[in-house]
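One-letter residues, chain by chain:
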Amino acid sequence: MNVTLRRVALVWGVLGSLLPLTAPAQDDVAMRAMQDELARSVSQLQLQQMDKPYFLAYRMDEINETTVSASLGSLTLSQPSRTRLIGVEVRVGDYAIDNSNYISMGSLRGGMAGILSSISQAPLDDNYQQIRRQFWLATDAQYKKALEDLSAKRAALNMRKGNEVPDFSKESPVRDNEKPVSGAGPGDLEGLARALSAVFKSSPEIYTSSVDVVYRDFVTRYANSEGSTFLRSQPILKLQVTAQTQANDGLPIADSIEVFGRSMTDLPTRDQLVAQVGEMAARILKLRSASSMERYNGPVLFEGAAAGEMFSQEFATGLMAVRTPMSDDSRFELFFNQMMAQLGGGSFVDKLGGRVLPEFLSVTDNPLQAEYQGHALMGAAKVDDDGVKTRNTVLIEHGVLKTLLTTRAPVRAIPQSTGSRRGWGPAPSNLFVTSDKGLSPDELRKELLRRVKERGLDYGIVVRRVGGGSAASFMKMAARMAGQSGANTSNSISEVYKLYPDGREELVRGVEIAEMTPATFKDVVAVGAAPVVYSDEFVPRIGALFSLGVSASSNVPVVSCVIPAMLFEEVSLVKSQGPFPNPPISPSPLAKQ
Amino acid sequence: MNLPGKILIISLWLSSALGLSAQQADPVLSAMKGELNRSFQNLKKATPPPYFLSYQLTDNRAVVITASFGALTGSTEGKTRLLDVDLRVGDYKLDNTHPIREGSAFGAFGERMGEPRMPLDDAPDALSVALWQVTENRYRRAVEQLEHVKANVQVKVEQEDRSGDFSAAGVENYREPIAPFFIDSKIWEEKVRKFSQPFAEHKEIIESSAQIDAEIETRRYVNSDGSQVLMSSPFYRLSISATAKADDGMELPLHQTYMSFRLDGLPGDAAVQKDVDRMVQTLLALVRAPVAEPFTGPAILSGRASSVFFHEIFGHRIEGQRQKNEDEAQTFKKKVNQAVLPDFISVYSDPTLHQLGETELVGYYPYDDEGVRARRVMIVERGVLKNFLMSRTPIEGFSSSNGHGRRQQGYKVVARQSNLVVESSKHVSRAELKRMLIEQVKAANKPYGLLFDDIEGGFTFTQRVIPNAFNVRPTVVYRIYPDGREELVRGVDLIGTPLIAFSKILAADDDVAVFNGVCGAESGWVPVSASSPGLLISQIEVQRKEKSQERAPILPPPAAVREK
């Protein structure tokens, strides 16, 4: 704990010293147009005798994006784009009861429909007049919708008792109008993609492979009627290498590498990456002829990225408090909570004050730290998407859940925002999993083997990479929505080894994690001493889409986890079940050469 | 303006460079041929073997630049390469593509999921691997589909149309040089800003856009019969749109589109700006125009309106596969060699037509998307139905393709329109046609007739489950009173049913107009044209247009104050 805190202070200091380099944004035409139109709306917007808005927020997301893909040394996609999206958030009523957190089943008003209608395109030119015009039209439409929503909501409220949680929390205004230093730019993405994808040319047994690089510079301008304004730049560079093949019996084999950074300089060097891709290709070839196993129940060690993958996919999704929207149909609210529980596990909101991890583990959300041991932390930000100052939040202390991450849509137990609105709803920023008794890698393996022996097993299991990332979470969510369960929703693991008592490792293929729930994490019996950084796009909780009911940013947050290796006492692994497609009839055209 | 000079130099240079390379092997076409032959031979050994395989690889490079009210809203340049594969198991009589009757409409949905993207570079290795992957994938699916088809044929009633699933076609070898493509984005960003600016000066105008679409599409096709076709053509489209809102909430759109196969075939700035000014004036007049009432009576359809009228209500009903599909109403199926139009009207479809008079026709192509040579098809000769538009899917009595198998990349080919030409053997002047209209008005004892001067498009239904109505959406409509007075009105759509509408055509004028557009149907969006003289119709029907219920914005538009 102490180590982490000191490090925070250190990095924060570095950020602070960067600030004088930034330029003031008084000459920003877009910001001036936003603020002028906001001022006019605040003072003049009112329809006849109806409520005036009590809160207005204007946002402009400027997205400069370059997407590049390559396969076998040849580009398959190279697409630069520049977009400006504007969002207007209009609240009528008051902080206690307003038009948000409401969804009408009758008119499908509010919720997701509301979000989509509240985002529109803005001119790419810094054309003062046209930017104002777009905000004017968006504000008008959102205000009219807000009035209708509020009256429908009031009518629904008259039919029931109790709505003691306010709809919107009061927060101190933030001013952060420093023009952000523009990112380092995308760099030679095409060259990188070609070079990395060419590695697979020498492995015709790998059927498909692709290198995908996305650079996205996300500049947000924000102003609200409480006086908050900010200008924020969040460049993201994502590199993904994927490869798939089949074993001779048809079993699909896939692996991937994902790296996030703010710019090319955050990535390993090209030579290092080429070497990593080469290792992955070699591992896939080895997997084609590796043995499998029927079933395993026993201790499993998640090393390296694997711990971060499991933690962010299966546990971190519960660390947000998402409000249940009220509806004109009370059956919806009942159904909503069931649905949320189905889609990726419910929130921990009912577990506040209870133990959710073993006593030696704590979890902190810290957006103030921008890097960890030279690795970029992707959740770093000074202000969140509600214009609330971000802060360090202790979520779990010695295994006990202290609080959850929230936006300005409060929930019963947590009245204030934690500064955690990222895009559509609350999301973690940088999660630090810390322990007071970390073991060295050797000690961890010894501990695994000790338990293996105790259980009378022939070997233990080490998972080094789960694979799939946010895409896998999304597929799982889709499978749950389609009512599938069991094997279909389990985690297929891309890199898993049997560890024998003599220390020998044997690669295993076609294995899936049978069942992993947030409760499984209570069975962590030991962790490593050297945490690693794992980053991935955060699949937003569906609940946030409904409960927000007002405008949103289109940002998809990337969450970084700083997390040590984890030894679980009991995890079930099963063999992947078919049916698998037949292997190809023709060999690869590369094979004949 | 040294732009035209620049284009000339570049195109000269490019065409000479490519003229050379056209003699040499095209590495992409060679890779396609190589992999097609290799995969086809290998798959032949499997059971069931494929009997036909084709690849169509479509390269598209597109620059799209859009502005609204004088400000740039989009400027993109994209490059795509998409593969379409036709792999057939079974035989010409019955194969895996046979329509499943009363099956799910989502048969082909997600067909491409998980398939690799095609390399954009002309890299034979990467391309061969991608082609191989897709071919293997499609073969597995085709085998499954064939089993499904065989079962479906057994359990359903015998089909009315007993023609086969595929027809033989000649072996073709056609190669165009890769066409030059040049557009200076900076210059066009400035142009579309300028073209969309005048709309900003009127508060009645709520939407505006000026957009240039510059595209070059290169299609390479190879099949297991040995055909190979390489076509490459640029395409430039400038569209100007604006919408005004009347006090009652009615939205009034106007569109102006210019298309050409050459960038310098688009009109100059002065001509465009003149059209923009005219659009502004028409919009302002429309806002103040009276709302037309539902009405039946005589009307004149201008050449442009008649073109869309024919495209929708006639053209879509002579597309071959609609005569076979038993969900379709098959209006004309049993009418071959019967009169379907007045005897002074003839209609043909001609994809080989590059222009009509001075106007370029965007439905031009030398070969269709099944590698079949394009040709003129006489559909109606002096009122009598002679033929249908055919792809390689045969129908009863029409066993082979006539070069109308078309698709947007990514869709399955069906028979589509190309350049639809409506000709009249007798025609009068526009003034005479108006006089004839007034005669009709008086004879029918109507207060006025209608003149449909401009339209934005239309749609029709051709299936049995819904009435076969059409809707042509006019933008500029006049009432013509018996005294000859013309009055602009707003708020009506032209509606009707096909057979009645055709029987009411009385006369044609000599003012032939061309409507160039893109048509959307089962096989995606394809460029088409239709041309027709103005027509006098003894009875049409109009209905009220849908109308926005949105109240006008509460605050006035922001004033242009505080701009530095």
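Values in this document were obtained by computation on a predicted structure and should not be read as measured data.

1. A few points about the interface of chain B and chain A
For step 1, the next point in the chain: Chain B puts 50 residues into the contact, and the matching count from chain A is 54 residues.
For step 2, the next point in the chain: A per-residue breakdown of the area chain B buries against chain A is headed by Ile554, Leu555 and Pro558 of chain B, which together make up 16% of the total.
For step 3, the next point in the chain: Between the two partners, chain B and chain A, sit three salt bridges.
For step 4, the next point in the chain: Between Asp121 of chain B and Arg194 of chain A there is a salt bridge; the shortest N-O distance is 2.4 Å.
For step 5, the next point in the chain: Seen at the junction of chain B and chain A, the total is 22 residue pairs in polar contact (both at pLDDT 80 or more).
For step 6, the next point in the chain: Mapped by element, the contributors of at least two residues to the side of chain B that touches chain A are helix H2 (27-44), strand S2 (71-89), helix H3 (124-155) and strand S4 (205-223) of chain B.
For step 7, the next point in the chain: Broken down by element, the side of chain B that touches chain A gets its largest block of residues, nine residues, from H3 of chain B.
For step 8, the next point in the chain: Residues belonging to the side of chain B that touches chain A are distributed by class as follows: 26 nonpolar, ten polar and 14 charged.

2. Points about the confidence of the model for chain B
All names here are of chain B.
For step 1, the next point in the chain: In the predicted model, chain B carries a mean pLDDT of 88, and the fraction of residues at 70 or more is 93%.
For step 2, the next point in the chain: Within the model, the stretch residues 1-22 combines pLDDT values under 50 with 15 contacts to residues more than four positions away or in other chains.
For step 3, the next point in the chain: Across residues 105-109, confidence stays below pLDDT 50; counting only partners more than four residues off in sequence or on other chains, it has zero contacts.

3. Considering the sheet that holds strand S12 (residues 384-385) of chain B
Pairing between sheet strands relies on hydrogen bonds along the backbone, with the strands arranged either parallel or antiparallel.
All names here are of chain B.
For step 1, the next point in the chain: Read from one edge to the other, the open sheet built from six strands follows the order S12-S11-S8-S15-S22-S21, with strand pairing classed as mixed. Across the chains shown, the open sheet's two edge strands, defined by having one partner strand only, are S12 and strand S21 (513-521).
For step 2, the next point in the chain: Both strand S11 (residues 377-381) and S12 contribute to a ladder of two bridges, which runs antiparallel. Residue pairing in the sheet places Glu381 in a bridge with Val384 of S12.
For step 3, the next point in the chain: Against the sheet, helix H6 (residues 303-313) contacts strand S8 (345-349), strand S15 (419-424), S21 and strand S22 (524-532), and its axis sits at roughly 30 degrees relative to S21.

4. Brief notes about the packing of aromatic side chains
For step 1, the next point in the chain: In this structure the tally under the stated criterion is 34 aromatic pairs over all chains.
For step 2, the next point in the chain: Seen from their ring centres, Tyr54 of chain A and Tyr95 of chain A are 4.9 Å apart, and the 65 degrees between their planes marks the pair as edge-to-face. Of this pair, Tyr54 of chain A sits in strand S2 (residues 53-71) while Tyr95 of chain A sits in the loop between strand S3 (74-92) and strand S4 (102-104), placing them 41 residues apart in sequence.
For step 3, the next point in the chain: Judged by centre distance (5.9 Å) and plane angle (70 degrees), the rings of Phe459 of chain B and Phe461 of chain B are edge-to-face.
For step 4, the next point in the chain: Each residue in the set Phe302, Phe311, Phe315, Phe348, Phe521 and Phe568 of chain A is aromatic and connected to the rest through ring pairs, giving one cluster.
For step 5, the next point in the chain: Over the ring of Phe360 of chain A we find Lys437 of chain A, and its NZ or CZ is 4.4 Å from the ring centre.
For step 6, the next point in the chain: Above the ring of Tyr481 of chain B, the side-chain terminus of Arg485 of chain B is found at 4.1 Å from the ring centroid.

5. Section: the pattern of salt bridges
Working definition: two side chains of opposite charge can pair if their charged atoms are close together.
For step 1, the next point in the chain: Applying the stated criterion across every chain yields a total of 79 salt bridges over all chains.
For step 2, the next point in the chain: For Asp125 of chain A, the salt bridge goes to Arg193 of chain B, with nearest N and O atoms at 2.6 Å. Of this pair, Asp125 of chain A sits in the loop between strand S6 (119-121) and helix H4 (128-158) while Arg193 of chain B sits in helix H4 (residues 185-196), placing the two residues on different chains.
For step 3, the next point in the chain: When its relative accessible area of 17% is taken as the criterion, Arg193 of chain B is described as buried.
For step 4, the next point in the chain: Glu309 of chain A is the salt-bridge partner of Arg465 of chain A, the closest N and O atoms lying 3.6 Å from each other.

6. Description of H2 of chain B
Residues and elements named next belong to chain B.
For step 1, the next point in the chain: In a regular helix each residue adds 1.5 Å, so 18 residues correspond to 26 Å; H2 covers 25 Å between its end C-alpha atoms and thus fits that length.
For step 2, the next point in the chain: Buried within H2 are the following residues: Val28, Leu29, Ala31, Met32, Glu35, Leu36, Arg38, Ser39, Phe40, Asn42 and Leu43.
For step 3, the next point in the chain: Elements that come into contact with the buried residues of H2 comprise strand S1 (50-68), S2, H3, strand S3 (173-175), S4 and strand S5 (228-245).

7. A look at the sheet that holds strand S21 (residues 430-435) of chain A
All names here are of chain A.
For step 1, the next point in the chain: Spatial ordering of the open sheet is given by S18-S17-S14-S21-S30-S29, a layout of six strands whose pairing is mixed. Each of the sheet's edge strands pairs with one partner strand only, and the pair in question is strand S18 (400-401) and strand S29 (532-537).
For step 2, the next point in the chain: Pairing geometry for strand S14 (residues 361-365) and strand S17 (residues 393-397), over three bridges, is antiparallel. Paired with Asp365 across the two strands is Thr393, which belongs to S17.
For step 3, the next point in the chain: Packed on one face of the sheet, helix H7 (residues 305-315) meets S14, S17, S21, S29 and strand S30 (558-563) and runs near 40 degrees to S29.

8. Examining the environment of Asn419 of chain B
All names here are of chain B.
For step 1, the next point in the chain: Its place among the elements puts Asn419 in strand S15.
For step 2, the next point in the chain: We classify Asn419 as buried; its relative accessible area is 0%.
For step 3, the next point in the chain: Sequence spacing of Asn419 and Asp350 is 69 residues, and the spatial spacing of their C-alpha atoms is 5.2 Å.
For step 4, the next point in the chain: Beyond its immediate chain neighbours, meaning those up to four positions away, Asn419 contacts Tyr348, Ser349, Asp350, Pro351, Leu353, Leu361, Val362, Gly363, Tyr364 and Ser529.
For step 5, the next point in the chain: Among the polar contacts listed, one links the side chain of Asn419 to the backbone oxygen of Leu353, at a separation of 3.1 Å.

9. Examining unusual backbone geometry
For step 1, the next point in the chain: Between Thr47 of chain B and Pro48 of chain B the backbone carries a cis peptide bond, its omega angle lying at -10 degrees.
For step 2, the next point in the chain: Inspection of the secondary structure assignment puts Pro48 of chain B in the loop between H2 and S1.
For step 3, the next point in the chain: At Leu72 of chain A, a position not held by glycine, the phi torsion is positive, near 50 degrees.
For step 4, the next point in the chain: On the secondary structure map, Leu72 of chain A appears in the loop between S2 and S3.
For step 5, the next point in the chain: When its relative accessible area of 8% is taken as the criterion, Leu72 of chain A is described as buried.
For step 6, the next point in the chain: With phi around 60 degrees, Asn445 of chain B is a residue other than glycine that occupies positive phi space.
For step 7, the next point in the chain: Overall, the relative accessible area of 69% leaves Asn445 of chain B in the exposed class.

About the cut-offs
Residues numbered from 1 in each chain as written. Chains lettered and ligands numbered in written order. Predicted model: local features only at pLDDT ≥ 70, side-chain atom pairs only at ≥ 80, totals over all residues. Heavy atoms only, no water. Contact = heavy atoms within 4.5 Å. Buried area = accessible area lost by both parts, 1.4 Å probe. Salt bridge = Lys/Arg side-chain N within 4 Å of Asp/Glu carboxyl O. Polar contact = N/O pair within 3.5 Å; in protein donor to acceptor, adjacent residues only side chain to side chain. Helix = DSSP H or I, 4+ residues; strand = E, 2+ residues; numbered from the N terminus. Nonpolar A, V, L, I, M, F, W, Y, C, P; charged D, E, K, R; others polar. pLDDT = per-residue confidence, 0-100. Pairing = 2+ DSSP bridges. Axes fitted to C-alpha atoms, helices over the stretch in contact; angles between N-to-C directions. Phe/Tyr/Trp six-rings, centres within 6.5 Å; stacked < 30°, edge-to-face > 60°. Lys NZ or Arg CZ within 6 Å of the ring centre and 35° of its normal. Buried < 20%, exposed > 50% of the residue type's maximum accessible area, 1.4 Å probe, protein only. Expected span 1.5 Å × (residues − 1).

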